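Single-letter residue listing:
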Amino acid sequence: MPNYVVLYNAPVSAEAQMEGNDPDMAAAAMQAWNDWSARVGDGVIDLGTPLGNGRRVTDSGAAETGTEVAGYSILQAADIDSAVALLDGHPHLQMPGASIDVHETLEIPGM
């Protein structure tokens, strides 16, 4: 069964999201993620983690990236439509301006 990399996009960096949270808000947010993960069950291969600021590397060097990618997960599903269906009601989408990108992982020929 294919794996899918899920990228959580947000208008606010993951660091900024976490830095001002009071403990009750943080606990409620984590409970929403845990509830989603329990509902999806074996479809979650790796719940992932928030991502900090990054660098984009090109042949001319490296530069700061934007903060739009706030985290990732890895899911397993029969096809991309099934992977997208697993994200129905995902707590990340409760944030105004948030979105989720889903990418199938592909095998590298000869590896």
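Residues numbered from 1 in each chain as written. Predicted model: local features only at pLDDT ≥ 70, side-chain atom pairs only at ≥ 80, totals over all residues. Heavy atoms only, no water.

Peer 1: Would you mind showing me how to read the environment of Gly-54 here?
Peer 2: Checked against the element boundaries, Gly-54 lands in the loop between β2 (44-50) and β3 (55-58). The sequence separation of Gly-54 and Glu-64 amounts to ten residues, and the corresponding C-alpha distance is 6.0 Å. Non-local contacts of Gly-54, meaning those with residues more than four positions away in its chain, are made with Ala-63, Glu-64 and Thr-65. (Helix = DSSP H or I, 4+ residues; strand = E, 2+ residues; numbered from the N terminus. Contact = heavy atoms within 4.5 Å.)

Peer 1: Help me out: how do you make sense of the sheet that holds strand β5 (residues 69-76) in this one?
Peer 2: Picture the strands of a sheet paired through backbone hydrogen bonds; they go either parallel or antiparallel. Taken in spatial order, the four strands line up as β2-β5-β1-β6 in an open sheet, and their pairing is antiparallel. Looking at which strands have only one partner, the edges of the open sheet turn out to be β2 and β6 (99-104). Ignoring strand direction, the axes of neighbouring strands in this sheet form an average angle of 20 degrees. Both strand β1 (residues 3-9) and β5 contribute to a ladder of seven bridges, which runs antiparallel. By the bridge assignment, Asn-9 is partnered in β5 with Val-69. Strand contacts of helix α2 (residues 23-40): β1, β2 and β5, with the helix running at about 165 degrees to β2, the strand carrying the most contacts. (Pairing = 2+ DSSP bridges. Axes fitted to C-alpha atoms, helices over the stretch in contact; angles between N-to-C directions.)

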